[in-house]
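The primary structure of each chain is shown beneath.
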Amino acid sequence: MTIVRSLVLFVLAAVFEIGGAWLVWQGWREHRGVAWVAAGILALAAYGFAATFQPDAHFGRILAAYGGVFVAGSLLWGVVMDGFRPDRWDLAGAAICLVGVAVIMYAPRG
């Protein structure tokens, strides 16, 4: 159950961070307005809190592992929200990152 909770929190953090950055991008770069930027800032703040609920107590480990989730999640966000089509190298890189997440977070320690 701890691993499931951790995975859910990683997904939630990714939605907040990637979504927040995307909202800022849309508001500023695509000229959608200050409300989009403000919503992005709020989402980015929520991301900061989401990471604190991870069961592991080590900030460095959590953020290092989250980096891999961010890489894969960013590609997925681009596919869903912007019509981006990753190539095989994008997919291979994301898979490597997710293997890194699994090793960092869920390898047996003793």
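The shown structure was predicted, so the numbers you read here are calculated from the model rather than taken from an experiment.

J.: Help me out: how do you make sense of the packing of helix α1 (residues 2-28) against helix α3 (residues 59-82) in this one?
T.: How two helices pack is summed up by the angle between their axes together with the distance between the axes. For the pair α1 and α3, the least separation of the axes is 9 Å and the interaxial angle reads 55 degrees. As summarised for this structure, α1 and α3 are arranged oblique, according to the angle between their axes. Crossing of α1 against α3: the hand is right-handed. Contacts between α1 and α3 involve Phe10, Ala13, Ala14, Val15, Glu17, Ile18, Gly19, Trp22 and Gln26 from the former and Ile62, Ala65, Tyr66, Val69, Phe70, Gly73, Ser74, Trp77, Met81 and Asp82 from the latter. In terms of residue class, the contact of α1 with α3 is built from 13 nonpolar, four polar and two charged.

J.: Even after reading the chapter, I still don't get the pattern of salt bridges, so can you show me in this structure?
T.: Close approach of charged atoms allows side chains of opposite charge to pair. Summed over the entire model, instances satisfying the criterion amount to one salt bridge. For Asp56, the salt bridge goes to Arg61, with nearest N and O atoms at 3.0 Å.

J.: Looking at this structure, how should I read helix α4 (residues 88-106)?
T.: Because an α-helix packs 3.6 residues into every turn, residues spaced three or four apart end up facing the same way. Between the first and last C-alpha of α4 there are 26 Å, a value that for 19 residues agrees with the 27 Å anticipated at 1.5 Å per step. Here the buried face of α4 lies against α1 and α3. Looking at where α4 begins, the residue whose side-chain oxygen comes 2.9 Å from the main-chain nitrogen of Trp89 is Asp87.

J.: Would you mind showing me how to read α3 here?
T.: Of all the residues in α3, the buried ones are Ile62, Ala65, Tyr66, Gly68, Val69, Ala72, Gly73, Leu75 and Gly78. Among the structural elements, α1, α2 (34-50) and α4 are those in contact with the buried residues of α3. Taken from the residues just after α3, Gly83 is the one with a positive phi, measuring 70 degrees.

J.: I would appreciate a short explanation of a nonpolar patch on the surface in the present structure.
T.: Among the surface-exposed residues, Met1, Val4 and Val8 lie close enough to one another that they form a single nonpolar patch of about 350 Å² accessible area. With respect to the secondary-structure elements, Val4 resides in helix α1. Overall, Val4 belongs to the partly exposed group, its relative accessible area being 47%.

J.: Any chance you could explain the side chain of Ser6 here in plain terms?
T.: For Ser6, the position within the fold is in helix α1. Of the residues examined, Ser6 reaches a relative accessible area of 2% and is grouped as buried.

J.: Sorry, what's going on with the packing of α1 against α2 here?
T.: Across the interface, α1 lies against α2 with an axial gap of 7 Å and an inter-helix angle of 160 degrees. With respect to α2, the element α1 is oriented roughly antiparallel. Judged by the sense of rotation from one axis to the other, the crossing of α1 with α2 is left-handed. Residues Leu9, Ala13, Phe16, Glu17, Gly20, Ala21, Trp22, Leu23, Val24, Gln26, Gly27 and Trp28 of α1 lie in contact with α2, whose contacting residues are Trp36, Val37, Ala39, Gly40, Ile41, Ala43, Leu44, Ala46, Tyr47 and Ala50. Its residues assigned to classes, the contact of α1 with α2 shows 17 nonpolar, four polar and one charged.

Rules used in this analysis
Residues numbered from 1 in each chain as written. Predicted model: local features only at pLDDT ≥ 70, side-chain atom pairs only at ≥ 80, totals over all residues. Heavy atoms only, no water. Axes fitted to C-alpha atoms, helices over the stretch in contact; angles between N-to-C directions. Helix = DSSP H or I, 4+ residues; strand = E, 2+ residues; numbered from the N terminus. Parallel < 35°, antiparallel > 145°, perpendicular 65-115°, else oblique. Left-handed = near helix turned anticlockwise from the far one by under 90°. Contact = heavy atoms within 4.5 Å. Nonpolar A, V, L, I, M, F, W, Y, C, P; charged D, E, K, R; others polar. Salt bridge = Lys/Arg side-chain N within 4 Å of Asp/Glu carboxyl O. Expected span 1.5 Å × (residues − 1). Polar contact = N/O pair within 3.5 Å; in protein donor to acceptor, adjacent residues only side chain to side chain. Buried < 20%, exposed > 50% of the residue type's maximum accessible area, 1.4 Å probe, protein only. Patch = residues over 30% accessible without salt bridge, like charges linked within 9 Å, V, L, I, M, F, W, Y side chains within 5 Å. Areas by Shrake-Rupley, 256 points an atom, 1.4 Å probe, with all protein chains shown as cover.

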